[in-house]
Amino acid sequence: MSAARAWRAMSVPMIALAVAGAVCGSAHAAAAYRPRIDYQLNCQGCHLADGSGEAGRVPSVRRMLVPFAEDPAGRRYLIQVPGVSESSLSDRATAAVLNWMVHRLSDVPVPRNFVPFTTAEVARWRRIPLTNVAATRARVQRQIDAHRSSRARSTASRSTDKSPM
Amino acid sequence: MKWFDELAERSARGLAKRTSRRSVLGGLGTLLLGAVAIPLLPAARGAALKRTDDGKNPHWDDPTSCDYWRHCAIDGFLCSCCGGSQTTCPPGTNMSAVTWIGTCHNPGDGRDYVVSYNDCCGKSSCGRCFCNRNEGDTPMFEAGHSNDYNWCSGNSTANIPYHCSTARILGAVR
Amino acid sequence: MRAPTTAILRCDLRGVGRSRGLRALAVLAGWLGAAMLASATPARTRPAALPSDVGRHPTVAVLPTPASKHWVWVNDFVFPHMADGTAHLVDGDTGRYLGTLSTGYSYSHLVLSPDGRWIYSPETYFSRGTRGKRTDVVTIYDARTLDPAGEIRIPPKRASDMPVMGDVALTDDARYLLIYDFNPAQSITVVDMKTRRFLREIPIPGCAFAYPSGPRSFFSVCGDGSVVLIDLARDGKVVRHHTDQLLPMGADPVTEKPVRVGDVWYFVTFDGRIVPLEVKDGRAVVEPSWSLTTAAERAQGWRPGGLQQLAVSVPLHRLYAIMHQGDLTTHKDPGKTVWVYDLATHRKVQEIALKRLASSIQVTTDAAPLLFTVFIDGPDLDVYDAVSGHWLRTVTDVAATPTVLVTP
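Rules and cut-offs
Residues numbered from 1 in each chain as written. Chains lettered and ligands numbered in written order. Predicted model: local features only at pLDDT ≥ 70, side-chain atom pairs only at ≥ 80, totals over all residues. Heavy atoms only, no water. Helix = DSSP H or I, 4+ residues; strand = E, 2+ residues; numbered from the N terminus. Buried < 20%, exposed > 50% of the residue type's maximum accessible area, 1.4 Å probe, protein only. Contact = heavy atoms within 4.5 Å. Patch = residues over 30% accessible without salt bridge, like charges linked within 9 Å, V, L, I, M, F, W, Y side chains within 5 Å. Areas by Shrake-Rupley, 256 points an atom, 1.4 Å probe, with all protein chains shown as cover. Salt bridge = Lys/Arg side-chain N within 4 Å of Asp/Glu carboxyl O. Lys, Arg positive; Asp, Glu negative; His and termini not counted. Charge placed at Lys NZ, Arg CZ, Asp CG, Glu CD. Pairing = 2+ DSSP bridges. Axes fitted to C-alpha atoms, helices over the stretch in contact; angles between N-to-C directions. Domains from an automatic or database assignment. Buried area = accessible area lost by both parts, 1.4 Å probe. Disulfide = S-S within 2.5 Å.

Q: Can you break down the overall build of chain B residue by residue, with the values?
A: A tally of regular secondary structure across chain B gives three helices and eight strands. What you see in chain B, going N to C, is helices and strands ordered as α-α-α-β-β-β-β-β-β-β-β. Out of the 174 residues belonging to chain B, those deemed buried represent 63%. Put simply, of all contacts in chain B between residues at least 6 apart along the chain, 69% involve residues at least 24 apart.

Q: Break down the environment of Leu292 of chain C for me, citing the residues and quoting the values.
A: All names here are of chain C. Note on placement: Leu292 falls in the loop between strand S20 (290-291) and helix H3 (295-299). Taking the C-alpha atoms as reference, Leu292 lies 10.0 Å from Tyr320; in sequence the two are 28 residues apart. The residues contacting Leu292, other than those within four sequence positions of it, are Val268, Gly272, Ile274, Glu297, Pro304, Leu319, Ala321, Met323, Trp339 and Tyr341.

Q: So what about a positive patch on the surface? Which residues, and what values?
A: Together, Arg76, Arg124, Arg139 and Arg142 of chain A give the surface a local cluster of positive charge. Position of Arg124 of chain A among the secondary structure elements: in helix H8 (residues 119-126).

Q: Help me get a handle on the sheet that holds strand S13 (residues 217-222) of chain C, residues and values and all.
A: Residue and element names in this part refer to chain C. With antiparallel pairing, the four strands of this open sheet are ordered in space as S12-S13-S14-S15. The open sheet has two edge strands with one neighbour each: strand S12 (207-214) and strand S15 (239-245). With direction set aside, neighbouring strand axes in the sheet form an average angle of 25°. With five bridges joining them, S13 and strand S14 (residues 226-231) adopt antiparallel strand pairing. By the bridge assignment, Val221 is partnered in S14 with Val227.

Q: Any details on the domain arrangement of chain C? Residues and values, ideally.
A: All names here are of chain C. Segmenting chain C into domains produces domain 1 (91-245) and domain 2 (248-408). The straight-line distance from the C-alpha centre of domain 1 to that of domain 2 is 23 Å. The partner domain 2 presents 28 residues to the 29 residues of domain 1 that form the contact. Regarding the contact of domain 1 and domain 2, the summed buried area is about 2,100 Å², with carbon and sulfur atoms giving 73% of it. Of all residues in domain 1, Gly92, Met165 and Tyr211 bury the most surface against domain 2, accounting for 21% of the area lost on that side. One can count one salt bridge joining domain 1 with domain 2. Residue Asp172 is joined to Arg260 by a salt bridge in which the shortest nitrogen-to-oxygen separation is 2.7 Å.

Q: I'd like to hear about the state of the cysteines, residue by residue, with values.
A: Residues and elements named next belong to chain B. This structure, assessed with the given rule, holds eight disulfides over all chains. Each sulfur of the disulfide joining Cys81 and Cys129 lies 2.0 Å from the other. An S-S torsion of about -90° defines the bridge between Cys81 and Cys129 as left-handed. Placement of Cys81 in the loop between strand S1 (75-77) and strand S2 (94-95) and of Cys129 in the loop between strand S5 (119-121) and strand S6 (130-132) is noted, with a sequence separation of 48 residues between them. On the basis of relative accessibility, which here comes to 9%, the residue Cys81 falls in the buried class. Residue Cys129 is classed as partly exposed on the basis of its relative accessible area of 29%.

Written out as structure tokens, the structure is:
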């Protein structure tokens, strides 16, 4: 499905650009090609093409990516979770895969002011291992929930624009 | 499972050719170990495999052969020999969604493809056409790139009985 | 034995079914009949003595204790029929096949209790053979009778993989059995072998296998080459320490088939580099690596391969490796030669030419060790003198898919 879409968007020169590592504004499709392939080769086997995983075994990332990416501790968790931190992808490719996932696999709309993951950010956190993945995740989730409800309270009077981008 | 004999024979025959490529592999290895912006695909390693003295693989296009190009990192019984095909599971089994994914070189068009090795699960082993090739296969420490796990393990329906393996194309590389 | 009575007796016995009770009855009836016949024909010369099994109740063999150091358990994955996993016990000195364990679906391997009394075997069963509810257990066998003596339920998550020693291990104090789980989330199931209870499941996300490293500690190796050290010592509490990247991964990674001498685990890479990892007191340190091959040998493509590709003799301080020629993608290929190294000097001291391809080797733990070899396609076990390298014997038709070899 999404493979076919990205497939059509690809052309040989664009891929050549991507392979050469050229990052230029016009090569949007090429830039999307590389992380898609990286996701396929390094993540999709467990997380499936749409990120939905396998119930009880591999968690779905579809509803957690955006809320986690919007929270500082959540961002760290996304970088430090073993599937991400221990892959053979470079820091730059890892940042690109995370950004690609946020844009392609999320059920939750990506906010307009989404801050992309950067190479430096991945480099900073990746090599600090999580000692307890489940406990860290639970703590981060609680924190995110708490922020959300307090934000909801404080913005209850204002009408916020929640439309998808 | 005569593959081991064959492989051993192949290794002996094709040795002279392959050793010259080893230095190339060594070079790639260094790149892979270092932090490079674009990691080389496993296919880069697999491309070095040659099956006959003249470098040709006579069975590259036969889905019931271990030498079929898509089988470059498969480990198990070929579903094509078991009532299914390289993309379909045999009747009465179910496909493990969770699996591992690698790349293989297609001599037909000279391109590399992303291959998903989904296992078919829920019955005893098919037992036909055993094949083990390891291009790009990693030790089980790197779970996502290892063909030594029974990927029916990730299937909540069958929950491990392994029948055979498929080799589905997800897309082309380059 | 040429007397007609005996001949009749033999026929009678053969005609009776396989049931123990029936056979016992038949033996008894035959014996009575023989006695009557004998007394009815006093003029004849007495027949020769009856074979010793006649007139006795059929019995079931028990194994002598303690186990010989030259016995070997050949663990059998039975790949064409994975529901029928088995383990075969063979005496390396005589070549005698001593007994079988029947061990369920996708079998990895058994672990022997150090006191020699028990055999611990993590097993998987389905309520309908290959379908239905999955149940995982640790079966405890009596090492003398090979009868199941107990069973401990464990979470149904035991890894189904190409069997390696790291799938199951006992802590050095023999208290905890450690079982690697993969589904594909990764954890270690800990079973208390003293209370014979499932103790806990320790998540090891991104890491694999259990390598014992102390009385109550072990480590697992993670996908990026880091190591997680786990200590169960303090009141059953889990103390965990995650190291930096220590072991090479990537293009020339260490395999998941290391061997241990004391505090040091010897890992080997696809290209034949030995990477010793010393794990002691909750610390892991990589010692300088060395190569199984010279530059000239590497140029000829020599590298280690196979499933249980390394073995050690602690008394001889030697390392054994299955070697073959091929490129990096042949890291699982079997070999027809075993190269032997002095662990102190790292020098190759011997090349043992094998009678046939080997994918697993094991060396017995005593000071005059045997070297066992099997090929994953079975069915024979070869026995060599591990010092001279001389072939001693071949035991035929042992296993369908022999994987790892376990010695007392």
